[in-house]
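# Fold and contact review
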Amino acid sequence: MSGEAVVSEGTVLEQVRARVAALLEETDGVVALRRTEQGTAPHLFKRGDDVAELALAPHYPLATVARLLQSRDPQARLGLVAPGCDARALVEMAKRRQADLSRLHLVGVACNSDEAKACRCAKPSADLAPFPAGELLGTPVPGEADAVAEQYRRMSLPERRQFWRSQFKQCIKCYGCRNTCPECFCEACALEDKLWVEPGRLAPPFPTFHLIRAMHMSTRCVACRQCESACPAHIPLTVLYDLMREDVGSLLHYEPGADVSAMPPVSLTLEEAPLHEGSAKQESGALAATPKGRGARR
Amino acid sequence: MEYKNVLTTCTYCGTGCGLYLQVLDGEVVGVLPAKEHPVSQGKLCVKGWNAAAFVHHRERLQTPLIRHGDCLEPASWDEALTLVSERLLAARDGSGADSVGFMASAKCTNEENYLLQKIARAVVKTNNVDHCARL
């Protein structure tokens, strides 16, 4: 008997198609994946388009497409079919004035457990709270532990250094990690500044290139794993970004992609966002010489 | 506003990586790696990521140019191809077929490169065929 409910609800894909078909009547278009005989790619569905072509995999950075379209036409009223990672990416974009959530209708999608496993995803479902308009389709499943990160955490410091040295040696400096990242939109990129990254040298000097990116991702990375998916050298980049994010979380109480009203600590002064170091350290007077803390100084 | 992705093959080498050209209102605005492509599986090198940079480049040639003295002057394809064919045949007839060589390109398809070597061997009758990926 319990099977009946599932049948009447239809698959998540069918639900999304039906919702998008209705949304096409109310909006200027809906950004989603479209599958044709050529393959699957992001697309702007317009009124009259065949929603039977709408697909949910493989994951492309759809938040980036929404940002592109909003920058072309800021008045456009768009829909977006987004798994959790794209929704979180939009939240971080909105804080940096790269996306206007008030003009987006979010068709949030809960990934299934196989998808969550494949992405090692801790939050495989869209959070609707930051979005003025939207709904969640599908049944959220629990997050998956990141086995690669867990393995890394068991390493000693010298082992970790060796691990990254052997990983970064494979880098062909394609800039795919940066190009595909929904949160990389700076007009001037430090990775193209020859002061930091010598042109024409492969692999990039250890560890500058990748640590610059990791640093810049510390308050931005929403763990969408587009960078890993684009990496021809299969470097588990998000393991590094996870650790940065963890420090930012414990030191600065900031979680990228969660709360649209929480501003990234690197954009604020120390008066606006004082550091809250561990109490044991403060009691021991370890920070007495640097009353505002050194951690957030850049 | 119209936005779509057009599947194509990277023009920079013979590997044949798959990429999508992002087309916004008729203008190519970027590249996305084709995640389902059997060759590249969603990866690209730095050239592939920039494969669209020349499409709307202001220095891109829009028409053939024929050199007259020190000047390059725009010409039609008919004029250009006629001139090339005349000069090639003149070189072949005057200095022998092996005075001519044909350079194929990794930017062309297999079929186009096949046709080029066919002209070289069957029309001009030389085996001097090479390609840019050896340079």
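A short tour of the structure in this document, coming up. Nothing here was measured: the structure is a model prediction, and the numbers come from that model. (Residues numbered from 1 in each chain as written. Chains lettered and ligands numbered in written order. Predicted model: local features only at pLDDT ≥ 70, side-chain atom pairs only at ≥ 80, totals over all residues.)

So, on to the overall build of chain A. Check the secondary structure of chain A and you find twelve helices and six strands. The burial tally for chain A puts 40% of its 298 residues in the buried class. When contacts within chain A are restricted to residue pairs at least 6 apart in sequence, long-range pairs at least 24 apart make up 64% of them. (Helix = DSSP H or I, 4+ residues; strand = E, 2+ residues; numbered from the N terminus. Buried ≥ 20, exposed ≤ 12 C-beta atoms within 10 Å, placed from the backbone. Contact = placed C-beta atoms within 7 Å.)

To continue, consider the overall build of chain B. A count of helical and extended segments in chain B gives three helices and seven strands. Along the chain direction, N to C, the helices and strands of chain B fall in the order β-β-β-α-β-β-α-β-α-β. Relative to the compact-globule value of 14 Å for 135 residues, chain B shows a C-alpha radius of gyration of 19 Å, a clear excess of over 25%. On the principal axes, the C-alpha backbone points of chain B span a range of 55 × 35 × 20 Å. Within chain B, buried positions represent 19% of all 135 residues. A sequence separation of at least 24 residues applies to 38% of the contacts in chain B between residues at least 6 apart. (Rg over C-alpha atoms; globule rule 2.2 N^0.38 Å.)

Residue and element names in this part refer to chain A. Tracing the chain through its elements places D49 in the loop between β2 (39–45) and β3 (54–55). Judged by local crowding, D49 falls into the partly exposed class, with 18 C-beta atoms found within 10 Å. Each C-alpha atom of the pair D49 and L24 lies 8.8 Å from the other, and the pair is 25 residues apart in sequence.

The next point concerns the sheet that holds strand β3 (residues 27–33) of chain B. Residues and elements named next belong to chain B. What the three strands build is an open sheet, ordered β1-β2-β3; its pairing is antiparallel. Every interior strand has two partners, whereas the edge strands, β1 (3–9) and β3, have only one. Across the sheet, the axes of successive neighbouring strands diverge by a mean angle of 30°, strand direction being ignored. (Pairing = 2+ DSSP bridges. Axes fitted to C-alpha atoms, helices over the stretch in contact; angles between N-to-C directions.)

Take the nonpolar core next. In summary, soluble globular proteins display a tendency toward joint burial of nonpolar side chains. Core analysis: the biggest nonpolar cluster contains 78 residues, and A:V31, A:A66, A:L80, A:V81, A:A82 and A:V107 have the highest contact counts within it. With seven residues, helix α11 (residues 237–252) of chain A is the single largest residue contributor to this core. (Core = buried A, V, L, I, M, F, W, Y, C linked by C-beta atoms within 7 Å.)

Here we take up the interface of chain B and chain A. Listed as interface residues are 20 residues of chain B and, on the opposing side, 25 residues of chain A. Secondary-structure elements contributing two or more residues to the side of chain B that touches chain A are β1, β2 (18–24), β3 and α1 (46–49) of chain B. A total of four residues in the side of chain B that touches chain A trace back to one element, the largest contributor, which is β1(B). Residue composition of the side of chain B that touches chain A, grouped by class: 13 nonpolar, two polar and five charged. (Nonpolar A, V, L, I, M, F, W, Y, C, P; charged D, E, K, R; others polar.)

Okay, helix α3 (residues 62–72) of chain A next. When you tally the buried positions in α3(A), you get eight out of eleven residues, the bulk of the element. All buried positions along α3(A) are accounted for by A:L62, A:A63, A:T64, A:V65, A:A66, A:R67, A:L69 and A:Q70. Tucked into the core, α3(A) has its buried residues touching β1 (29–36), β2, β4 (78–83), α4 (84–95) and β5 (104–109) of chain A together with β1 of chain B.

With that settled, consider the pairing of β2(A). Residues and elements named next belong to chain A. Of all seven residues making up β2, six are buried, and the element is well covered by its neighbours. Here β1 pairs with β2 via seven bridges, running antiparallel. From the neighbouring strand, R35 faces β2, where its bridge partner is T40. Connecting β1 to the antiparallel partner β2 that follows it, the hairpin turn spans two residues.

Residues and elements named next belong to chain A. One can describe the packing of α3 onto α4 by two numbers: an axis separation of 8 Å at closest approach and a directional angle of 40°. One way to sum up the angle between α3 and α4 is to call them oblique. For the pair α3 and α4, the contacting residues are L62, A63, A66 and R67 in the first and D86, A89, L90 and M93 in the second. Taken together, the residues of the contact of α3 with α4 sort by class into six nonpolar, no polar and two charged. (Parallel < 35°, antiparallel > 145°, perpendicular 65-115°, else oblique.)

So, about unusual backbone geometry. Residue and element names in this part refer to chain A. Look at the link from A57 to P58: it is a cis peptide, with omega at -5°. Within the secondary structure, P58 is located in the loop between β3 and α3. Following F206, the chain continues into P207 via a peptide bond in cis, with omega recorded as -10°. As for its position among the elements, P207 is in the loop between α8 (176–180) and α9 (208–217). Phi is positive for R225, close to 65°, though the residue is something other than glycine.

A few words on the packing of α9(A) against α11(A). Residues and elements named next belong to chain A. Look at α9 against α11: their axes get within 9 Å of each other, and the N-to-C directions meet at 45°. On the basis of their axis angle, the class for α9 and α11 is oblique. For the crossing formed where α9 meets α11, the hand is right-handed. Counted together, H210, A214 and M217 of α9 and L240, Y241 and M244 of α11 form the full contact between these two elements. The residue makeup of the contact of α9 with α11, split by class, is five nonpolar, one polar and no charged. (Left-handed = near helix turned anticlockwise from the far one by under 90°.)

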